[in-house]
Structures are given as structure tokens and as C-alpha cells.
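The primary structure of each chain is shown beneath.
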Amino acid sequence: MGERDQMLISSTSDLWEPKSRRNFLKLMAIGGSVVFLPGVVTACASLGNIHGGNARPDHAGSGGAGPGSGGTVTIDFAKGDVAVLQFAYALEQLEADFYTRVVGAFGGSDLTAADRGVLADIKNHEVIHRDFLKTALGSNGFSLTPTYPNVNFSSRASVLGTARAFEDLGVAAYNGAGQYLTDAANLTVAGKIVSVEARHAAAIRRMISPHTGDFAPNAFDNVFSPAKVAGVAQGFIVDHLAFANAPSTFVQGPNNNG
Amino acid sequence: MDNTIATYAASHIDPEVLGRINERNVEIANGGPATSKLTAALALGSIPIALGALANDVFAQTPSDVMDVLQFALLLEHLEAEFYTRGTQSGGPIPSSESVVFATIRDHENAHVAALTQVIQAKGGTPGAKPAFDFTAKGAVPNPFASGNYQVFLALSQAFEDTGVRAYKGQVGRLMSDKQVLSAALSIHSVEARHASMVRYLRGQKGWITGDDRGGLPAFAQPIYNGEENVTQAGVNLSTLGNGNGGVASVTEAFDEPLTKEQVTAIVTPFLA
């Protein structure tokens, strides 16, 4: 039939390209195989263990739509600081939605009372971050639809594992985006948010592994490029994230892994 | 500037910095933005303590800004590194259940000292000498390293970590001309916030700061939390965003606030021997 029965994905950005994404979905439909090369597997692994407890597929919020299967949302870095704030807004939408669902599922979950107190606070913060950025962006804002493949909102392990991934990603994203801001006032605001995300990250990690050093796994936090962050975030967003006029240079942080 | 500051400035300040003070006076005369009072900065690299910072809403960031921030950060990291090194020594106050937590923090602060030292040297600067510290603040605080004084140790730990977060936050705007140093500073700043969150939990506090609540710390620690009650971001009062989302308390928790170099110096100075 002229169709490949196997396709190679060497990076998550391959999935952004319309042709390969369509092919990917087509292959899944006809029972073909997709080989994810190490870079993609690493990106997925960086999410940590999101398959806790009795994991079951849950595309909550997406009506079953898979990540990246929706319409394209383009962040145009020619807009300067606005693009960075749009990027932050995308992540805060994801976090706000996630924690709102977590709180909504408290009744059926094995989260302790102490867990719930922390998660309710975090939900409040992320909603406030999201709504602040929405106000700041005005007509430059947009809505994204999250999706949560294989997240079990009734499982403490699944919820905390996913939360850890989001918080660590948010820290790395803000740390990596700082270099692209040109207005010191915007850098200060981003700074005000990232330290709270880091407080969240430490709390979640402590809940997963108390009495250990896991609350802060490195002396230096990650500094991720927008492309790297988008590659991970795309796994939880129905809309297809795209960049226009993406920055051509990225200055690494001390971990040299951005 | 009044006469006394001018006199001090003439004898102690780097000429380049003095020139910027004069520019600043012109700015004010021409109706430039109002700022908090100006205080003088000691010549770079000679003594690790700065009495204050020049307003950074007016001056473009320069390499001397970057070096000044690095030296200031190094001072704060020296303080933390020594605090945790002494606290984690055998016979100290930390219960065995939390020994890993504080060994982790200690190791991080030591790594921060090493990194900042290396960057300063790479830029041709001389790292400020580590000062002598007095963690009893001349007897105002019980010995935090005595085996029975874990709560004192924890209190100072929280004070230093929350201060460090706000200190870095107040300085990153001066690093925009050097993206490598900016990225490094951001990567340290967020780790200090992780430390703060963890230590606050060990003190029975939330990982985040509510209003200007110092969370049971002694009164001398209040300056560390003043300003955290702020609900205005980017010129917008966000109070109503707390509706259904934990109220104004949550709005204050959702954002950490910067401290100026002057404010941080005032907080830290009592712990210099």
C-alpha cells in the first residue's frame, strides 16, 4: 500500500511536524509500530513515575483526544517578552487544570489529610498564577486543553508523581526563559513565581520521599530551553504547540542539560 | 546627596560607581522615577559587605553590576555554608531522622560557594574573603549548634533560606547583561527556595510565606517577611484572584517578593562577628 509499517521518532519535535504526527496517528490506527529513539524516551522518562497504583488511562478534559492532536497554537518569539509570558501562561494553565482535578478527586483518593492541605494550597497558587498571566496578556492570551494520559487522579502515587514532574518542569522552564526577557520588571515577576514553584516542588518531593535529599536533587536547578520544555509539556496538551521565530541561541545553566 | 554621604562616597567608592550616582542626581532633577534612598556601595571586592545598593530601575546593567551581585551572593553563601557545616558536625543539634536533609543543604551551599568563587575569578575578580560569623548574633540568639537547640537551629535555617530567596530575587535584574551568570543565579535561587520549603515544613510551617507572617520566628526576623503581604503584581491588585482560591492569603503566598541589597545586608549584619 506504500505506507511505512514503522516510523522512527528521534525527538519529540518530530511529533510536531504535521506529516509525522499524522503518520504517527495513522500507524497507531492500523497497528503499525513506532520506534522512539533514546532522546524521546529520555524526555518521557523525565516525567518520572506517573504510572502509580492501579493506573488507568485517563484523558480527562480532552474527550479522549491525544496529546498534540488538536489545533496548532503558535507562540511567536518575535513578540519578545510577550512570547515568554505566553509560554509561562501555557504551563500555568496546565498546572491549574491538573491541581483543580486533583482537588476535585480528593473524595475517592488515598491522599492523606496532610497531603490534601498541601495540594489545595498549590492549586490555589497555580490558579492565581494562571489568572494573573491571563490578565497580563490580555488579547495575547489563548486557551489550551490539557490531557492526562495514564494519570490516575485517585492514586496518591500517580498524583504526586505527575505533580513532581510538573513542578520540576515549571522551575526549569522559568529558569530557562529568564534569559529571553528584555524588561527587568518581567524578569522580576518571573522570579517571584519561580521560587514559589520551587517551594511546591520541594513539598511534593518531600511527600514522596520524606527524610531524604530528594526535595532538592541538585545544588543547581535545571535551566531548560523553551523547546525542551515544550517537548515535555506537549505530552499533556491536546493543542499542538508550535514556536515561530524561536530563539536561535540558548545559554545553558550549570547542569548543562537544557 | 547630603554632605556626610558625599564625604564617605568620595573616599570609599569606585569612581565608576560615583559617576553613576551623579547621573542618578541628574535623573532625579529631570523628574526621573522616585526610588528608595540611595546608599553608598563599598569598592568592589575589598570588603564583602555592601551597605546598600544603587537603584536598579535607572541604571543599565554593566559588568560591574554583575561582579557586585556575584560578590554579594558569595557572602550570603559563605554564611549559609558555614552555618550548615557547623550544624551538621557530630554532637550537633540535628536529630538523626533529618541528618540527610541538612547534609544535603550543606553540600548545596558549599557547591554554591565553589561556583561563585570560580565565576568571580574567571571574570578577573578577587572573591571577597569569607568573614567571621557569629550565629548567636552577639548573644541575641542561643547557640544554634548546641545539641539541645534544634529549634534554634531550625529557626535560623528558615531565616537564612527565606532571606536568600528574596536576596537573589532582588538582584537578578542586574544580571541581564550576562546570560550565563543570570542562568546560574536563577538555578541557585530556585534551589534556595526548595531548601526554604523543606525547612519550613520541619518547623511545622507551610512551605510558602503567608502575608508577612514570620511563622513563629523571633521578632528580629520580621524584616525577612516584611513586604510579603504584597498583592499587587505588574501594577494590578490581584486580591480578587483569591476568591474561591484561598483568599488574599493565597495571593500573597503565590508570589515571593524581592529584598533590596540594603535590606538583606541589614538582616545579615548581626551575624557578622
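The numbers attached to residues start from 1 for each chain and follow its sequence in the written order. Working convention: letters from A go to chains and numbers from 1 go to ligands, in the order in which they are written. Where local features are concerned, this predicted model is filtered to residues with pLDDT of at least 70; where side-chain atom pairs are given and counted, the filter is 80 or more; whole-chain, interface and lining totals use all residues. With hydrogens and water stripped out, all remaining heavy atoms of the structure feed into the side-chain values.

## Considering the pairing of strand β3 (residues 72-76) of chain A
Residue and element names in this part refer to chain A.
- Along β3, the buried face is formed by Val73 and Ile75; none of Thr72, Thr74 and Asp76, which line the opposite face, is buried.
- The sheet contact formed by β3 and strand β4 (residues 240-244) spans five bridges and is parallel. For Asp76, the partnering residue across the bridge sits in β4 and is Ala244. Buried residues are those whose accessible area, probed at 1.4 Å on protein chains only, stays under 20% of the maximum for their type, while exposed residues exceed 50% and partly exposed ones sit between those limits. By the criteria applied, helices consist of DSSP H or I runs no shorter than four residues and strands consist of E runs no shorter than two, each listed in order from the N terminus. Strand pairing is assigned whenever DSSP detects at least two bridges linking the two strands.

## What about unusual backbone geometry?
- In this structure, Asn256 of chain A takes a positive phi of about 55 degrees despite not being glycine.
- Structurally, Asn256 of chain A is set in the segment after β4.
- Phi angles above zero are rare outside glycine, and Ala234 of chain B is one such case at about 50 degrees.
- Taking the relative accessible area as the measure of exposure, Ala234 of chain B reaches 58% and is therefore exposed.

## Topic: the nonpolar core
All names here are of chain A.
- Among the nonpolar cores identified, the biggest contains 89 residues, and Phe98, Val102, Leu119, Phe132, Tyr148 and Ile204 are the most heavily contacted of them.
- In terms of residue count, helix α3 (residues 81-104) provides more of this core than any other element does, twelve residues in total.
- The residues contacting Phe98, other than those within four sequence positions of it, are Tyr148, Val151, Phe153, Val159, Thr162, Ala163 and Phe166. For the purposes of this section, nonpolar cores are sets of buried Ala, Val, Leu, Ile, Met, Phe, Trp, Tyr and Cys residues that join through side-chain atoms within 4.5 Å. Here a residue-residue contact requires only that any non-hydrogen atoms of the pair lie within 4.5 Å.

## Overview of the packing of helix α6 (residues 184-208) of chain A against helix α6 (residues 179-202) of chain B
- Running from N to C, α6 of chain A and α6 of chain B cross one another at 45 degrees; their axes reach a closest spacing of 8 Å. If you check the angle between α6 of chain A and α6 of chain B, you find them oblique. Of the two possible hands of crossing, α6 of chain A and α6 of chain B adopt the one that is right-handed. Contacts between α6 of chain A and α6 of chain B involve Leu187, Gly191, Val194, Ser195, Ala198, Arg199, Ala201, Ala202, Ala203, Arg205 and Arg206 of chain A on the former and, on the latter, Leu182, His189, Ser190, Ala193, Arg194, Ala196, Ser197, Met198, Arg200 and Tyr201 of chain B.
- Gly counts as polar in this scheme, as do all residues outside two lists: the nonpolar Ala, Val, Leu, Ile, Met, Phe, Trp, Tyr, Cys and Pro, and the charged Asp, Glu, Lys and Arg. In terms of residue class, the contact of α6 of chain A with α6 of chain B is built from eleven nonpolar, five polar and five charged. Lines fitted to C-alpha atoms define the axes here, with helix axes fitted over just the stretch in contact, and angles between the N-to-C directions of these axes take values from 0 to 180 degrees. By the definition adopted for this analysis, an angle is roughly parallel if under 35 degrees, roughly antiparallel if over 145, roughly perpendicular if from 65 to 115, and oblique otherwise. The crossing is said to be left-handed when, going from far helix to near helix, the turn is anticlockwise and less than a right angle, and right-handed when the turn is clockwise.

## Considerations on the environment of Lys228 of chain A
- Tracing the backbone shows Lys228 of chain A in helix α7 (residues 226-233).
- In this structure Lys228 of chain A comes out as partly exposed when scored by relative accessible area, which is 35%.

## Some points on the environment of Phe142 of chain A
Residues and elements named next belong to chain A.
- Mapping Phe142 onto the fold places it in the loop between α4 (113-137) and α5 (156-177).
- Put simply, Phe142 and Val73 are 69 residues apart on the chain and 8.2 Å apart in space, counted from C-alpha to C-alpha.
- With sequence-adjacent residues up to four places away left out, Phe142 is seen in contact with Val73, Ile75, Gln86, Tyr89, Ala90 and Gln93.

## What about the interface of chain A and chain B?
- Contact residues are listed per partner, giving 51 residues for chain A and 56 residues for chain B.
- With both chains or domains summed, chain A and chain B bury close to 4,300 Å², and 65% of this area falls on carbon and sulfur atoms.
- Think of a salt bridge as a Lys or Arg side-chain nitrogen and an Asp or Glu carboxyl oxygen that are within 4 Å of each other. Counting every contact that joins chain A to chain B gives six salt bridges.
- Within 3.5 Å is the distance limit for a polar contact, defined as a pair of N or O atoms, with the added protein rule that one can donate a hydrogen and the other accept it, and that residues adjacent in sequence qualify only through two side-chain atoms. For the interface between chain A and chain B, the tally reads 31 residue pairs in polar contact (both at pLDDT 80 or more). Note: buried area is the sum, over both parts, of the accessible area (probe 1.4 Å) each one loses when the two are combined.

## Digging into the confidence of the model for chain A
- How sure the predictor is of each residue is captured by pLDDT, a score from 0 to 100. Taken over all residues, the pLDDT of chain A has a mean of 84, while the share at 70 or more is 75%.
- Segment residues 1-58 of chain A is flagged for pLDDT under 50; beyond a separation of four residues in sequence, or across chains, it makes 94 contacts in the model.

## Quick notes on the packing of aromatic side chains
- Think of it this way: a Phe, Tyr or Trp ring, Trp meaning its six-membered ring, pairs with another when their centres are within 6.5 Å, and the plane angle makes it stacked under 30 degrees, edge-to-face over 60, tilted otherwise. What the rule picks out here adds up to 25 aromatic pairs over all chains.
- Ring plane angle 75 degrees and centroid distance 5.7 Å describe the contact between Phe87 of chain A and Phe243 of chain A, whose orientation is recorded as edge-to-face. Pair noted here: Phe87 of chain A is in helix α3 and Phe243 of chain A is in strand β4, with a separation of 156 residues, a long-range link.
- By relative accessible area, Phe87 of chain A is classed as buried at 5%.
- Each member of the aromatic cluster is reached from another via a ring pair, and the members are Phe83, Tyr84, Phe102, Phe133, Phe135, Phe145, Tyr150, Phe153, Phe160, Phe220 and Phe271 of chain B.
- In this arrangement the basic side chain of Arg206 of chain A is found over the ring face of Tyr201 of chain B, its NZ or CZ atom lying 3.5 Å from the centre. Consider the ring centre and the ring normal. A charge sits over the ring if Lys NZ or Arg CZ is within 6 Å of that centre and within 35 degrees of that normal.

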